[in-house]
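What follows is the residue order along each chain.
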Amino acid sequence: MKFLNRLLSISAFALSAGAVGLASAPQADAQSLEGKTVEFVIPFSESGGSARWANFYAPLLSEALPGNPTVVVKYMPGAGSTKGANWFQEQDTADGTLIFGSSGSTQFPYLLGDPRVRYEYNDWQVVLASGVGGVSYLPPDIAAKFDGDADDLKGINFIWGSQGATRLDLVANLAWKMLGMTVDPVFGIEGRGDGRLMFERGEANIDYQTSPAYLKSVVPMVEEGLAVPMMTWGALDDDGNIVRDPTFPEIATFKEVCEATAGCETSGDAWEAWKAFYIAGFPAQKMVFLPKAASPEVVAMYEQAFKDIKARPDFAEMSATTLGIYPQMTGAAADKAKKLATNAPASAKQYVKDWLKEDYGVTLE
C-alpha cells in the first residue's frame, strides 16, 4: 500500500504543473527547426497502438514546433521494443531532430532487470506522458459463454499472440491466470497490432489492445459482430483505486470480473503484483523522450509544443477516437508519471519473476 500512497492525482497534477512549467521553463522560441526533419522513432511495428498514437501527434507537432519541421514516424521493431530502446540509448542528437516513443512493453523489461536491456530511463528526458487503457476481447462464440465472470471460460484452451513474457502483455497474462483461464501465448510478435491480426485470421481466440488500437481497429469488429469486449484493465481514481475506464465506462473492469469469478481474489500477493505492474504500465504507458544530450532549451521547446497542442480548442474532439479520455502530461507532471512507470515495489517484482519462471521458464539474470 505504500506504493499506492505515493500516487498523485495525475490529471490534477498535470493541470497545476502546466502553469509552473510556463513560468520556469527557458524561452522555447530561442530554438527553430525550420527546414529540418524530426524523426519520431517507435520501437514497434506500424500496426499497433503506439503507431496510432505517434501518427496522431506527428502532424500536430509539425504545426506546433518552431519552424514547422517535418515530423516523420519511423518504426524500429524487434525484441518487444528492446532493440529500438537500446538504439536510442546510444544516440546523442542534441538539436531536437530525434525523439523516441516508449511503451509499457519498454518499461517492464527495465523494471524486471531483463539482461537484454541496455537502456536507462534516468538518461532520457521526458516531454510527454500519455495515459492509456486496455481492453480484452473475445470471438462471439466464446463470448456467449461469458456472463460477467470467467467460471464458464475455464475449460477452454485459449491462444493469443504476445510480444513476450516480460513485456506489457504480462498484465494480460497474469490477469487471465488469476481468473483460472488456460491461455497459451505465442510469444514473439513485434507489436500488439500483430496480435490483433492473429485474432482476425482466427489464429487466436482471445486478445487485448491498448485504447488507441482498440478504438481504431477493434471497435469496427465489435460493430460488425466479429468481436465482443470482455473487460478493461480499468483506470485509477484519485485515491489509487481501480475504477471503470472513462473511455469505456460500459465495460466491466478486470477487478469486477475477478470479484465475480470463483478463486480470483482482489487482495493478496497476486493482486498486489498485478496492480503494481498495471500502474507502471498504463496510467503513463506511452511517453515521448529526447536524448540525454538535448539542451534545456530544446526540452522546453518540446514541452511548450505539447502544451500548445493540448490547448487547441479542437484537441478534445480530435483525440477522442485515437487517445480516448486520459491525461496527456507535460513538464513536472510528465516527470512524475515517468517515475510511476519506471518503478515498482520489490515485492511485486519478485512475485512476477517467480511466476514467469514457474509458468514460462523465463529466468531474468
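Residues numbered from 1 in each chain as written. Predicted model: local features only at pLDDT ≥ 70, side-chain atom pairs only at ≥ 80, totals over all residues. Heavy atoms only, no water.

**Comments concerning the state of the cysteines**
Put simply, the test is: The disulfide criterion is simple: two cysteine sulfur atoms within 2.5 Å. Each residue is assigned to one of three classes by its accessible area relative to the maximum for its type, calculated with a 1.4 Å probe on protein chains only: buried under 20%, partly exposed between the two thresholds, exposed over 50%.
Inspection of the entire model under this criterion finds 1 disulfide. Each disulfide pairs two cysteine sulfurs, and for Cys258 the partner residue is Cys264, the sulfurs being separated by 2.0 Å. Because the torsion about its S-S bond is -100 degrees, the bridge between Cys258 and Cys264 counts as left-handed. In this structure, Cys258 and Cys264 share a single accessibility class: buried.

**Re the packing of aromatic side chains**
Here is the rule we go by: Only Phe, Tyr and Trp rings are paired, with Trp represented by its six-membered ring, and only when their centres lie within 6.5 Å; those with planes under 30 degrees apart are stacked, over 60 edge-to-face, the remainder tilted.
For the structure on display, the rule yields 31 aromatic pairs. Each ring, one from Tyr110 and one from Tyr119, has its centre 6.4 Å from the other, and the planes form 15 degrees; the classification is stacked. Taken together, the aromatic side chains of Trp160, Trp176, Tyr208, Trp233, Phe254, Trp271, Trp274, Tyr278 and Phe282 make up a single cluster linked through ring pairs.

**Quick look at the nonpolar core**
What counts, and what does not: What is meant by a nonpolar core is a set of buried Ala, Val, Leu, Ile, Met, Phe, Trp, Tyr and Cys residues, joined one to another through side-chain atoms within 4.5 Å. Working definition: helices are DSSP H or I runs of at least four residues, strands are E runs of at least two. Numbering for both runs from the N terminus. It only takes one pair of heavy atoms within 4.5 Å for two residues to be counted as in contact.
Counting residues in hydrophobic clusters, the biggest one holds 51 residues, and the most contacted among them are Leu153, Leu179, Met181, Trp233, Phe254 and Trp274. The element that contributes the greatest number of residues to this core is helix α11 (residues 269-281), accounting for 8 residues. With near-sequence residues (within four places) excluded, Trp274 lies in contact with Val171, Leu174, Ala175, Met178, Trp233, Ile242 and Phe254. Counting 30 residues, the second-largest nonpolar core is a separate cluster that includes Ala54, Tyr57, Ala58 and Ile99.

**Points about the pattern of salt bridges**
Rules: Salt bridges are defined as contacts in which a side-chain nitrogen from Lys or Arg sits within 4 Å of a carboxyl oxygen from Asp or Glu.
All chains considered together, the criterion is met by 13 salt bridges. Among the salt bridges present, the one from Asp151 reaches Lys154, with a minimum N-O distance of 3.4 Å. Accessibility expressed as a relative area gives 31% for Asp151, which makes it partly exposed. A salt bridge links Arg192 to Asp207; the shortest N-O distance between them is 2.5 Å. Taken together, the residues Arg192 in helix α8 (residues 192-200) and Asp207 in strand β8 (residues 207-210) connect sequence positions 15 residues apart. Grouping residues by exposure puts Arg192 and Asp207 together as buried.

**A look at the packing of helix α3 (residues 49-64) against helix α12 (residues 296-311)**
Rules: Geometry is summarised by axes, namely lines fitted to C-alpha atoms with helices restricted to the contacting stretch, and by angles between N-to-C directions that run from 0 to 180 degrees. Should an angle lie under 35 degrees it is considered roughly parallel, over 145 roughly antiparallel, and from 65 to 115 roughly perpendicular; all remaining angles are considered oblique. In this scheme the handedness of a crossing depends on how the near helix is turned from the far one: anticlockwise by less than a right angle means left-handed, clockwise means right-handed. Charged means Asp, Glu, Lys or Arg here, nonpolar means Ala, Val, Leu, Ile, Met, Phe, Trp, Tyr, Cys or Pro, and polar covers whatever is left, Gly included.
For the pair α3 and α12, interaxial distance at closest approach is 9 Å and the crossing angle is 110 degrees. One finds that α3 runs roughly perpendicular with respect to α12. Handedness of the crossing formed by α3 with α12: right-handed. Residues Tyr57, Leu60, Leu61 and Ala64 of α3 lie in contact with α12, whose contacting residues are Tyr302, Ala305, Phe306 and Ile309. The residue inventory of the contact of α3 with α12, partitioned by class, reads 8 nonpolar, no polar and no charged.

**Side note on the packing of α11 against helix α15 (residues 346-360)**
Each pair of packed helices gets described by two things: the angle between the helix axes and the distance between those axes. Taken N-terminus to C-terminus, the directions of α11 and α15 make an angle of 105 degrees; their axes are 9 Å apart at the nearest point. As judged from the angle between their axes, α11 and α15 are roughly perpendicular. Between α11 and α15, the residues in contact are Asp269, Ala270, Ala273, Ala276 and Phe277 and Ala348, Lys349, Tyr351 and Val352, respectively. A class-by-class count of the residues in the contact of α11 with α15 yields 7 nonpolar, no polar and 2 charged.

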